[in-house]
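Fold and contact review
Single-letter residue listing:
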Amino acid sequence: MEIAYSKALREIEGRVCPWQSVTPPNRLETTNRELLLGLYTSRGGDPREALREALRRITGRRHVFLAPSGRAAIAQILSVLPSHEVVMPAYTCPVVKTAAEVAGKRIIYVDCSAGSLNATSAEFEAEARPGRVLLPTHIFGLPTDIDNICALAKERECVTIEDAAASFPSRPDGRLLGTVADFGVFSFERSKRLPAFRGAAIVVNNERVVDPEVFESHAAAVPMKDGLPIRELLFSLIFNFATQPSVYGRFTLHRILRGHRSTLDVEEAPTPAEARNTPFFNRAFHDYQAHLVLRALNRWETIGQHIENLLAVYKSTFASTSVRTFITGACDEKALLRFPITLSGIERGEILRRALRCGLYLETNYESPLAPKSEYAKYPNACWAAENVVLLPLYRRLSREAAETIGRQVVAISEEVRCVAKA
Ligand SMILES: Cc1ncc(COP(=O)(O)O)c(C=O)c1O
């Protein structure tokens, strides 16, 4: 968000957004009541083991491990693999790069496909060499062609890690994403569908690659602090309050925008040593977090149904308009994390500014490709996605009416700009 907004707001003075209710880009699936009640109810039994058991049932796999975060999970898997090189999309979450660096691997990037936001088997093809690890992603919950990538990996003697961090629990063709490649990773980070502040699960789908017991003892050897994530709990209580639309539009958003305006420089990515020293790597997944995930899993059907309804609203609002969407028939609509769109031919900064003026704060993400700047020309589609994609909200507390308003506002912005361009 920082780069796109700091660029978009650079030359604008004064207030850019009216003082009114604003729909936040995301809200936690967990309410404050659930957060507080969970403190008591999570004390009985063994919630971590219960979550592992639930995940074993859902995935159909015997070996499921919990990790401090998705990035730590990827780093843990990479660390037990002898390969020195990992192939990953140039357009994905930057912490995936951090994970590979923490594991000490050389990174080879692949572009994303022109037709989607994912790197597909066509892009992995040229870099799938024997001994390499392929790390495909289902970005924002949009499935990549994981079967073809795995077939390619098998043929070329590569190991596959399926980054399903943002897509859990998506079942595009009945099979759960994260259970197709040799390993799968799910994230329970705050912005995900089943949030527990932080945390992740590793699913071992192919026990022949690494003996799961070796894996478990290796993971256990990583020094980690234990303890209730109290700061994260307090943050989430405040976050729930601050993301109520009436508070968000009158207070939170104005603070965020002030922050965007003052961050003209992009923050440096952490070094591997710095990253290892953060809770994303050094805080063990706590029973309380396991309890939160279990509770959210119990009401998954209701959450998923609501997301599907919101998606139907967006899809019908954008039908026959110039708004480009990325939802294909292969997508499990219940488990999409965000609704990505682009407005072709319109500079994103212009879209963000116009949206703010009508009280709409649009989300942007992964605003630079992960490859070094000098190599950007090799990844034209990743560059295009990083510069153009806008994410629309999908969460249980978002009403269909609010989604409809957002959709209509986006269409109106697109038409306004085109009219101005024609005049
Ligand atoms: C595609 C993808 N992979 C990996 C991660 C890392 O997950 P975590 O934040 O749990 O480390 C994320 C997080 O946003 C993600 O979106």
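Every value quoted in this text rests on a predicted model; they were computed, and no experiment measured them.

**Some details on the packing of helix H2 (residues 32-41) against helix H13 (residues 287-298)**
Two quantities define a packed helix pair, namely the angle between the helix axes and the distance between the axes. Look at H2 against H13: their axes get within 10 Å of each other, and the N-to-C directions meet at 120°. One way to sum up the angle between H2 and H13 is to call them oblique. Crossing hand, H2 versus H13: right-handed. Between H2 and H13, the contacting residues are Glu-34, Gly-38, Leu-39 and Thr-41 on the first element and Tyr-288, His-291, Leu-292 and Arg-295 on the second.

**Thoughts on the site of the ligand**
Surveying the vicinity of the ligand reveals 16 residues, the closest of which are Ser-69, Gly-70, Cys-93, Ala-165 and Ser-187. Taken together, the elements giving at least two residues each to the shell around the ligand come down to helix H4 (70-80) and helix H5 (94-102).

**Topic: the domain arrangement of the chain**
Note on interface size: it is often stated as the accessible area lost on association of the parts. Domain annotation for the chain reports domain 1 (2-28 + 243-268 + 299-422) and domain 2 (32-220). One C-alpha centre belongs to domain 1, the other to domain 2; they are set 26 Å apart. With 25 residues of domain 1 in contact, the opposing surface of domain 2 contributes 28 residues. Of all the elements in the fold, those that place two or more residues in the side of domain 1 that touches domain 2 are helix H14 (300-318) and helix H16 (380-388). Broken down by element, the side of domain 1 that touches domain 2 gets its largest block of residues, five residues, from H16. Tallied by class, the residues present in the side of domain 1 that touches domain 2 amount to 21 nonpolar, two polar and two charged.

**Quick look at the sheet that holds strand S1 (residues 63-67)**
Spatial ordering of the open sheet is given by S1-S7-S6-S5-S4-S2-S3, a layout of seven strands whose pairing is mixed. The sheet is open, and its two borders are formed by S1 and strand S3 (106-110), each paired with just one other strand. Sheet strands touched by H4: S1, strand S2 (85-89), strand S4 (133-134), strand S5 (159-163), strand S6 (183-187) and strand S7 (200-204). Its angle to S7, the strand with the most contacts, is close to 30°.

**A look at the pairing of S6**
Burial runs high along S6: five of the five residues are buried. Along S6, one buried face is formed by Phe-183, Val-185 and Ser-187 and the opposite face, lined by Gly-184 and Phe-186, is buried too. As judged from the three bridges shared by S5 and S6, these two strands associate in the parallel manner. When the bridges of S6 are listed, Asp-163 appears paired with Val-185. Where S6 meets S7, five bridges bridge the pair, whose relative direction is antiparallel. Across the sheet, residue Gly-184 finds its bridge partner in S7, namely Val-203.

**Concerning the environment of Gln-76**
Secondary-structure assignment places Gln-76 in helix H4. Linking Gln-76 and Ile-406, residues 330 residues apart in sequence, is a C-alpha distance of 40 Å.

**Let's talk about the nonpolar core**
Residues Val-87, Val-185, Ala-200 and Ile-202 are the most contacted members of the largest nonpolar core, which totals 118 residues. Here this core spans two domains, since at least three of its residues come from each of domain 1 (2-28 + 243-268 + 299-422) and domain 2 (32-220). Not counting residues within four places of it along the chain, the set of residues in contact with Val-87 comprises Ile-108, Val-110, Phe-124, Glu-127, Ala-128, Arg-132, Val-133, Leu-134 and Leu-135.

**Here we look at the packing of H4 against H5**
In the contact formed by H4 and H5, the axes pass within 8 Å of each other and the chain directions differ by 35°. Crossing handedness for the pair H4 and H5: right-handed. Taken together, the residues of H5 that come into contact with H4 (itself represented by Arg-71, Ile-74, Ala-75 and Leu-78) are Val-95, Val-96, Thr-98, Ala-99, Ala-100 and Val-102. Partitioning the contact of H4 with H5 into residue classes produces eight nonpolar, one polar and one charged.

The rules behind each value
- Residues numbered from 1 in each chain as written.
- Predicted model: local features only at pLDDT ≥ 70, side-chain atom pairs only at ≥ 80, totals over all residues.
- Axes fitted to C-alpha atoms, helices over the stretch in contact; angles between N-to-C directions.
- Helix = DSSP H or I, 4+ residues; strand = E, 2+ residues; numbered from the N terminus.
- Parallel < 35°, antiparallel > 145°, perpendicular 65-115°, else oblique.
- Left-handed = near helix turned anticlockwise from the far one by under 90°.
- Contact = placed C-beta atoms within 7 Å.
- Near = placed C-beta within 6 Å.
- Domains from an automatic or database assignment.
- Nonpolar A, V, L, I, M, F, W, Y, C, P; charged D, E, K, R; others polar.
- Pairing = 2+ DSSP bridges.
- Buried ≥ 20, exposed ≤ 12 C-beta atoms within 10 Å, placed from the backbone.
- Core = buried A, V, L, I, M, F, W, Y, C linked by C-beta atoms within 7 Å.

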